[in-house]
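A closer look at the structure
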Amino acid sequence: AKVVFPNGEPMLLIEQFVEGVSKYPTALPYGVGEVSVEGFESGGFVQIIAIHDKPLPTNGPYFEEVCWSTPSRLPQHIITDLHRQTKLVVRGLQIKDSFFHIEFRIAENRNVLLEAAARMGGGPIYRSVLESQGINMLEIMTSIATRQPIHLEERPVNQGTPILTIGLFADAGVLASIQGLQEVETMKGVVELVQYDPIGTFINRAPTSTHCTLHIMIRGSSFDEAEKIAIECINRIKFETIINRRAWLL
């Protein structure tokens, strides 16, 4: 809806959030459906290699990313539609000889395009695809850049080793300490722990945050097992932040 001045100039634009809905059972408190689709275009052929479920805890007002898991647990008809929409987006934007990272919100009765970029997914995406599918996206990118043939085994993107990555955020303020890191790193199933912000960094939270404080990547024999490990990791990691930046510096 728009509110306008008498001269026709816009004064206020009111938009409604696209509300996402989780379409699969989960023990994690993330009920908002969102996904990213990873793939590449080469020589006129669009290849989708992974879909990550990226559930969120709320439908707004902010959307800090807290979870990435692959292969997707979405029903097959939604995955099929994501393939169709992704190919339309890639060809419509004329993405050629490049990777793409395309994000959708999974709404009640439709998939809503959020973002389309001619790049690989960031954060844990590269390692997640490698661990789950055995696909090295950097090798494929090199082959595209040097115009070498790409040898990729055909497999459905909803099959592979369950990989679940949790992003954890410290509260706003100066990061003073993190407890539980060594315990979590040695836990069965944990394949990667990446700390983005060193001790002493000032942590920003939504709406000015750009990344999580750290992420933990977990491999499970099933998603039920991976989620149990994730919940234990969440409970073990404790952040301490100091609100007064000047007090910390002194």
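**Some points on helix H1 (residues 76-92)**
- Here H1 spans 24 Å end to end across 17 residues, near enough to the 24 Å set by a 1.5 Å rise per residue.
- Inspection of H1 places Ile78, Ile79, Leu82, Gln85, Thr86, Val89 and Val90 among the buried residues, and these make up the whole buried set. Viewed end-on, H1 has its buried residues packed into an arc of 135°, placing them on one side of the element. The exposed residues of H1 that point more than 90 degrees off its buried face are His77, Leu88, Arg91 and Gly92.
- On its buried face, H1 sits against strand S3 (34-42), strand S4 (45-53), strand S6 (98-106) and strand S7 (111-117).

**What to know about the nonpolar core**
- Core analysis: the biggest nonpolar cluster contains 38 residues, and Ile166, Val184, Val190, Ile216, Ile218, Cys233 and Ile237 have the highest contact counts within it.
- One finds Tyr24, Ile78, Phe104 and Ile106 within the second-largest nonpolar core, a separate group that totals 18 residues.

**Observations concerning the layout of surface pockets**
- Considering only enclosed or pocket space, the largest pocket measures out at about 350 Å³ in volume.
- As for the largest pocket, its lining consists of 20 residues, and the residues nearest its centre are Glu65, Trp68, Thr210, His211 and Cys212.
- For the lining of the largest pocket, the class distribution of residues is 7 nonpolar, 7 polar and 6 charged.

**Regarding the pattern of salt bridges**
- Tallied over the full model, the rule gives 13 salt bridges.
- With its nearest N and O atoms 2.9 Å apart, the salt bridge here joins Arg73 to Glu227. Pair noted here: Arg73 is in the loop between strand S5 (67-70) and H1 and Glu227 is in helix H5 (residues 223-236), with a separation of 154 residues, a long-range link. Note on accessibility: Arg73 and Glu227 belong to one class, buried.
- Here Arg236 ties to Glu183 by a salt bridge, and the two come within 2.6 Å at their closest N and O atoms. Of this pair, Arg236 sits in helix H5 while Glu183 sits in helix H4 (residues 181-185); the two residues are 53 residues apart in sequence, bridging distant segments of the chain.

About the criteria used
- Residues numbered from 1 in each chain as written.
- Predicted model: local features only at pLDDT ≥ 70, side-chain atom pairs only at ≥ 80, totals over all residues.
- Heavy atoms only, no water.
- Helix = DSSP H or I, 4+ residues; strand = E, 2+ residues; numbered from the N terminus.
- Expected span 1.5 Å × (residues − 1).
- Buried < 20%, exposed > 50% of the residue type's maximum accessible area, 1.4 Å probe, protein only.
- Arc of directions from axis to C-beta.
- Contact = heavy atoms within 4.5 Å.
- Core = buried A, V, L, I, M, F, W, Y, C linked by side-chain atoms within 4.5 Å.
- 1 Å grid on protein atoms, 1.4 Å probe; cavity = no way out; pocket = protein on both sides within 12 Å on 5 of 7 lines; lining within 4 Å.
- Points joined across faces, edges and corners; volume = space filled by probe spheres on them.
- Nonpolar A, V, L, I, M, F, W, Y, C, P; charged D, E, K, R; others polar.
- Salt bridge = Lys/Arg side-chain N within 4 Å of Asp/Glu carboxyl O.

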